[in-house]
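Chain by chain, the residues:
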Protein chains: 2
Amino acid sequence: MTITIGDAARASGVSEKMIRHYEAIGLVRPARQANGYRHYAEPDIAVLRFIRHARDLAFPLEDVRRLLALWHDRGRASGEVRRLALGHVAALEAKAQSLQAMANSLKHLAATCHGDDRPDCPILDELEGKH
Amino acid sequence: MTITIGDAARASGVSEKMIRHYEAIGLVRPARQANGYRHYAEPDIAVLRFIRHARDLAFPLEDVRRLLALWHDRGRASGEVRRLALGHVAALEAKAQSLQAMANSLKHLAATCHGDDRPDCPILDELEGKH
DNA sequence: CTTGACCCTCCCATGATGGGAACCCCCAGA
DNA sequence: TCTGGGGGTTCCCATCATGGGAGGGTCAAG
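Quick caveat, the model's predicted, so the values are computed rather than measured. (Residues numbered from 1 in each chain as written. Chains lettered and ligands numbered in written order. Predicted model: local features only at pLDDT ≥ 70, side-chain atom pairs only at ≥ 80, totals over all residues. Heavy atoms only, no water.)

**Comments concerning the protein's contact with DNA strand D**
Logical step 1: Around DNA strand D lies a shell of 20 residues, among which Lys17(A), Tyr22(A), Leu61(A), Gly6(B) and Arg38(B) are the nearest.
Logical step 2: Each atom of DNA strand D within 4 Å of the protein was assigned to sugar, phosphate or base; sugar and phosphate come to 65%.
Logical step 3: Taking Ser15(A), its side chain carries an N or O atom lying 3.0 Å from a phosphate oxygen of DNA strand D.
Logical step 4: Looking at the surface near DNA strand D, the elements with two or more residues in it are helix H2 (16–24) of chain A together with helix H1 (5–12) and helix H2 (16–24) of chain B.
Logical step 5: No other element matches H2(A), which puts 4 residues into the surface near DNA strand D. (Near = heavy atom within 4 Å. Polar contact = N/O pair within 3.5 Å; in protein donor to acceptor, adjacent residues only side chain to side chain. Helix = DSSP H or I, 4+ residues; strand = E, 2+ residues; numbered from the N terminus.)

**Comments concerning the interface of chain A and chain B**
Logical step 1: Listed by partner, the interface residues are 51 residues for chain A and 51 residues for chain B.
Logical step 2: For the pair chain A and chain B, the summed buried area comes to about 4,200 Å², and 72% of that belongs to carbon and sulfur atoms.
Logical step 3: Among the residues chain A hides against chain B, the three largest losses belong to Leu106(A), Leu124(A) and Leu127(A). Together they make up 16% of the total.
Logical step 4: On the surface where chain A and chain B come into contact, there are 2 salt bridges.
Logical step 5: With a closest N to O distance of 2.8 Å, Glu93(B) and Lys107(A) form a salt bridge.
Logical step 6: Counting the contacts that link chain A with chain B gives 22 residue pairs in polar contact (both at pLDDT 80 or more).
Logical step 7: Looking at side-chain class alone, the side of chain A that touches chain B contains 26 nonpolar, 11 polar and 14 charged residues. (Contact = heavy atoms within 4.5 Å. Buried area = accessible area lost by both parts, 1.4 Å probe. Salt bridge = Lys/Arg side-chain N within 4 Å of Asp/Glu carboxyl O. Nonpolar A, V, L, I, M, F, W, Y, C, P; charged D, E, K, R; others polar.)

**What to know about the packing of aromatic side chains**
Residues and elements named next belong to chain A.
Logical step 1: Inspection of every chain in the model, using the stated rule, returns 2 aromatic pairs over all chains.
Logical step 2: Here Phe50 and Trp71 contribute two aromatic rings whose centre-to-centre distance is 4.5 Å and whose plane-to-plane angle is 20 degrees, an arrangement assigned as stacked. Here Trp71 lies in helix H4 (residues 61–72) and Phe50 lies in helix H3 (residues 42–56), a separation of 21 residues in the sequence. Considered together, Phe50 and Trp71 belong to a single accessibility category, that of buried residues. (Phe/Tyr/Trp six-rings, centres within 6.5 Å; stacked < 30°, edge-to-face > 60°. Buried < 20%, exposed > 50% of the residue type's maximum accessible area, 1.4 Å probe, protein only.)

**Here's the deal with the pattern of salt bridges**
All names here are of chain A.
Logical step 1: For the coordinates displayed, the defined rule picks out 19 salt bridges over all chains.
Logical step 2: A salt bridge links Asp7 to Arg10; the nearest nitrogen and oxygen atoms lie 3.2 Å apart. One end of the pair, Asp7, and the other, Arg10, are both in helix H1 (residues 5–12), 3 residues apart, so they sit about a helical turn from each other.
Logical step 3: In this structure Arg10 comes out as exposed when scored by relative accessible area, which is 66%.
Logical step 4: Glu23 serves as the salt-bridge partner of Arg32, at 3.3 Å between the closest nitrogen and oxygen.
Logical step 5: Owing to a relative accessible area of 47%, Arg32 belongs among the partly exposed residues under this scheme.
Logical step 6: Overall, Glu23 belongs to the buried group, its relative accessible area being 18%.
Logical step 7: Each of Glu23, Arg32 and Arg38 takes part in a single network of salt bridges with overlapping partners.

**Some words on the domain arrangement of chain A**
Put simply, an interface is often sized by how much accessible area is lost when its parts join up.
Residue and element names in this part refer to chain A.
Logical step 1: In terms of domain boundaries, chain A breaks down into domain 1 (1–69) and domain 2 (77–131).
Logical step 2: If you average the C-alpha positions of domain 1 and of domain 2, the two centres end up 35 Å apart.
Logical step 3: Contact residues are listed per partner, giving 7 residues for domain 1 and 5 residues for domain 2.
Logical step 4: Counting the surface lost from both domain 1 and domain 2, the interface buries some 430 Å², and carbon and sulfur atoms represent 81% of this.
Logical step 5: Taken together, domain 1 and domain 2 are joined by 0 salt bridges.
Logical step 6: Here domain 1 and domain 2 share 3 residue pairs in polar contact (both at pLDDT 80 or more) between them.
Logical step 7: Among the residues forming the side of domain 1 that touches domain 2, the class breakdown is 5 nonpolar, no polar and 2 charged. (Domains from an automatic or database assignment.)

Right under this line is the structure:
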C-alpha cells in the first residue's frame, strides 16, 4: 500500500532519478518511513505530475518552482502566472526562430552545393570565411 | 610578432577559454614556444575562424571535427559535407518546431487566462492535469 | 537462509561555456 | 634592481537537466 519512489515514478511519469533531484532542490518533500524509504502521498504525486507537465512545456526548473508556489497559493493572481507563461513563450519563440534561421542559412548553402564526388563545396567555403 | 592566444582570440572571435578547450579535444594544435606559450600560425587562426562559423550555425563540436577533417581533405566528396549539413538542418528544424509547438500550446493556454487579480487560471489547471 | 526486487546515498558524465585561483613570464619605469 | 602590470599557464568548479553506475541496506517470497 505504501507508495514508494518506484510507484511514484510510474504514477507520475517522472524518473526516480529526477524525483530525487526535485527533492534535492526542494520542489517536493516526501515523508520518510522508518527504514529511510521515501513515501509519497497523493498530493506529492500531483506535484510530480505538475512538474512533468511544466517540463513538457520546457519551463526551466526555477520557473517550475515559481509556478508551484503560485499553484499552492490559493489567493494568487492569475496575472502573475500569465506573465510568467508569456515570458517563457517569448523565450521559446526566440530560440525557435534562432534555430530556424540557422537551418535556413544552412539549407540555402546546401542548395548551392552539388553534393557529388567533386571536392568543391560552397558549405566549406562559407565556413572558411570566403565571401 | 609572435601570435599568442590573446591575439588569436581577437583575430578569430573565439574566446581564449574556448581556444584552449578546442585544443584539449584535438580540434586545433598550436605550436609551443620555449616558455610554454601557445603560438598560432595563420592556418591555426583559419581553423579557429572555421570553428566559430560552424558554431554560429550550431554544429555540435563532433560535427565540427568531421567538417574540419573534410575541409583539410583536398579530395573529399562534397556529397559528404552536404549530407552532414542536411542532417544538421533536420536536427535544427526538429528542435525549432518542437519549441514552437510548445510556445503555441502555451500561448493558447495564456489566451484563455484573464490574467488579472482573480486566482482561477487555466494555465495552472492544465499543468495540474485537469482536462 | 538465500534470492531478487526494491530502496538508499554518492560520484561521474553529458555539451559548450565561463569564472576564478595559484602560479609563471616578460618588459618598462622608478 | 626591484616592482607593477599585463600577458600567459594549469586546474578546479559551475551551469542545466538528466542518466549511469557502484556499493550497500531492506524486505518478502521461496
